[in-house]
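The primary structure of each chain is shown beneath.
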Amino acid sequence: MKSLKTVVDQTPLRETEGSIDRETLFSAWEARLLIAILFGFLGIFFTRYVFLSPQEVDTFVEFLRGQIAWSPKALASVLFWKMLLSFAGWGAVGYVMSFNFPEVHLRKARVFVLGAYLFLIPTVLYVPSMSAEYIWDDDQEVSHNPTLRVNRTVSDVPVLQYTYGLWEIWTGGITNQFVASENDPWWVKALRPRLQAIEKAVWTKSELRAYPSADYFPLKSTLLWLEFRLFGDSPYGYHVVTILFHALNTVLLWRALVALRIPGAWVGALLFGIHPVHAESVAWISELKNTLSLAFLLWSFLSWIKWEETRSRRSLGASLALFLASMLCKTSVVMFPVALLIIAWWRTGLKDWWPSLKQIVTEKRIGTETGRTLVALVPYFLAAGALSRVTVWFQNTRAIGEEVIPIGDFWSRMAGAGLATWWYFFKAICPVKLTTIYPRFDINPPHWWQFLVFATVPVVLAVLFAEQKRWGRTPFLVAGFFVAFLFPVMGFFRMSYMRLTLVADHFQYLSDIAIVAAAGALIALGYRSQKWREVTILLTSAVVVWFSAYTWERSGVHLGPKTLWTDALKHNWNSWQAQNHMGAVIYAEYMKEWDNPKVRAEKLAMAHMHFKNAVELNPANPEVHNNYGLTLNAYGHWQEALKEFRRAVEIKGDVPAMRRNLAELLASRGMLTEALKEFRHLVEVDRMEMFRPVLVTLHFRLGQYAEVREECLKILKNDPNNVMARKYLDQVIDQQFKGPNW
């Protein structure tokens, strides 16, 4: 049996006419099958208008969206057999008609056929998530994201009201004068006054309170802005777009592997498209940044390969521009220049890299192909470094702030990095027990054996590099690529997500490319061996079925908050985030059950239990204290609820919803002076004018009539016909003649 190195070296860079001739029969059969499938779907489309009632049409659409599950009853229904017979009949017609197509067209259709399969298979597997709700932080990304909405307070011109969100997105909200700090880096201090001047000149009514985003992914946010114009608050369109980008990535990965002459490229790309670990990146709207960034990255790589073949400046410029676009979607692609360097070494060896580098530095000229490659990579590294610095500042300042991320000191991070690397490797080759939030690694303090685990990573890389003459360069390529793209998420750098856990499925979306490519190559190697062909086909088929079924299941897990957090608690009961979110889901159900006291009481008890668990698991988090206070107050334990609300505001005082709960409870219990203080903070600091009438009421109840008059005048300035303000003004005028507090 040939070695993997031999197979890779002997595989043509492009599909030649000869290679197509050897597979003419197989390619023609594929093309005819695709034509048959297309005719089958056209037949269903025709049948729905002729043979189906409107109710049956609606039922079929709900099934396609995953809203109706497979069941024996569904399979036995008349609707199912109508659609199946229609698909089979029209498919047969299409298959027979395809024999009249010229053979040359069927040969040329091979690439299109294979690409269509790669696009359609992942798309079908994620049909259930198309009808999913918003989950987790999707509300921050879409439904509650102020940058996506019309802002009528910044200008009287409609076009400027719509586009202000784009300004906020691309400036990252650094024009907001209320979040400025002396600790801001020099580039923020230099840009802020210039951007503020532009903002005031264009949006004349702007108060320089742009929304300060937690991350700087402006291209991803721009796509969300455009989607919001199309889909509004409906999650369906957002899910479809994310799924289609994943399907596109599957096709682009196939072409990238073909360009690298990787055997089994199609199978490797298929494994990527159906891998269950990737369900989190595809079925979660917030992870659009994963699928979108990879699309630009793979496109950039294809342009880079074209530059290597033609040395066209246009191809190099396109590759660099696409890499920048990818970075502006998600900065975790920062290791792409390193990956390009590894791939260049794998393809050419770069044996003359030191003389070439020395020539560039000392003689200021490029005399070798290696030198051209090294020089071409310089702007990639510069762009990666600059945007990484921006991302680190946004994460530390906006997303994390003063919150403690429990990843420990350098030694703890080193221990965690080793565990995370092997964790991701085993999840890539054997995706079992997948969930949303995994249990935390015990690395604070680290154990001695964890350093041994970490040491295996560089040792394995060193051995693979040293033994390249025996095993070829491919093993180091796979390992180096895998570790390189994992490096930003290993735990060395603080990330807001790591306050929950060190590892996550969406962190390995990029690095898994190395594993699936290697798997595809091994499958091709086994298929070409007469001895192992049958075993290879059997195992590959089993893996494809397993991955597909598990991906369908994981897609269903992301249907809504309840299914997501039920699954998370099933695998990790000690997750404070899962406990808190599950409590929030049940508390929302409790608030809707006004007509059923028994069910309402059960819901409150369950929500109270989850919130209590969350407080015990993470007493330093303000949100869990706030939510626990809600259920305590619902039970009538207002003193304990007040303590929890105060604790929440004490930990994090810049969340208006938490301060509002505290203020309203204080007011309801007659603590008017304290309530007035909290409501004034909401109005003057958080700029929530909706609570100014509450200030009027509290001042009046405290007998502070001068303050009542002042607040009423502020309300009437913006709303001259405000009935409440005029009513209180009249009462104040009456008090003027009575004397007290005037």
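As shown above, the structure is provided for reference.
The rules behind the values
Residues numbered from 1 in each chain as written. Predicted model: local features only at pLDDT ≥ 70, side-chain atom pairs only at ≥ 80, totals over all residues. Heavy atoms only, no water. Axes fitted to C-alpha atoms, helices over the stretch in contact; angles between N-to-C directions. Helix = DSSP H or I, 4+ residues; strand = E, 2+ residues; numbered from the N terminus. Parallel < 35°, antiparallel > 145°, perpendicular 65-115°, else oblique. Left-handed = near helix turned anticlockwise from the far one by under 90°. Contact = heavy atoms within 4.5 Å. Nonpolar A, V, L, I, M, F, W, Y, C, P; charged D, E, K, R; others polar. Phe/Tyr/Trp six-rings, centres within 6.5 Å; stacked < 30°, edge-to-face > 60°. Buried < 20%, exposed > 50% of the residue type's maximum accessible area, 1.4 Å probe, protein only. Lys NZ or Arg CZ within 6 Å of the ring centre and 35° of its normal.

**Student:** Kindly report on the packing of helix α15 (residues 288–310) against helix α19 (residues 369–400), identifying the contributing residues and their values.
**Tutor:** Interhelical geometry of α15 versus α19 gives an angle of 155 degrees and a closest axis separation of 12 Å. In terms of axis orientation, α15 runs roughly antiparallel to α19. For the element pair α15 and α19, the recorded crossing hand is right-handed. Across from S300, W304 and W307 in α15, the residues of α19 making contact are R372, T373, A376, L377 and Y380. Partitioned by chemical class, the residues of the contact of α15 with α19 number five nonpolar, two polar and one charged.

**Student:** Report on the packing of aromatic side chains, specifying residues and quantitative values.
**Tutor:** Applying the stated criterion to the full structure yields 39 aromatic pairs. Plain terms: the ring middles of W345 and F476 are 5.2 Å apart, the flat faces sit at 80 degrees to each other, and that makes the pair edge-to-face. Of this pair, W345 sits in helix α17 (residues 336–348) while F476 sits in helix α23 (residues 474–486), and the two are 131 residues apart along the sequence. An identical accessibility class is assigned to W345 and F476; each is buried. An aromatic cluster of at least three residues, connected via ring pairs, comprises F410, W411, F451, F454, F487, F492 and F493. Over the aromatic face of W423 sits the side chain of K427, whose NZ or CZ is 5.0 Å from the ring centroid. Across the ring face of W594, the terminal group of R600 is positioned such that the distance to the ring centre comes to 3.7 Å.

**Student:** Help me get a handle on unusual backbone geometry, residues and values and all.
**Tutor:** Cis geometry is adopted by the peptide bond preceding P445, which originates at N444 and carries an omega value of 0 degrees. With respect to the helices and strands, P445 occurs in the loop between α20 (410–429) and α21 (448–466). Of note, the phi angle at R261 is positive, near 60 degrees, even though the residue is not glycine. Tracing the backbone through its elements, the reader meets R261 in the loop between α12 (235–259) and α13 (265–274). Residue classification places R261 among the partly exposed positions, given a relative accessible area of 33%. A positive phi angle, near 55 degrees, is found at R311, a position not held by glycine. On the secondary structure map, R311 appears in the loop between α15 and α16 (313–327).

The values are spatial; any link to function lies outside them.
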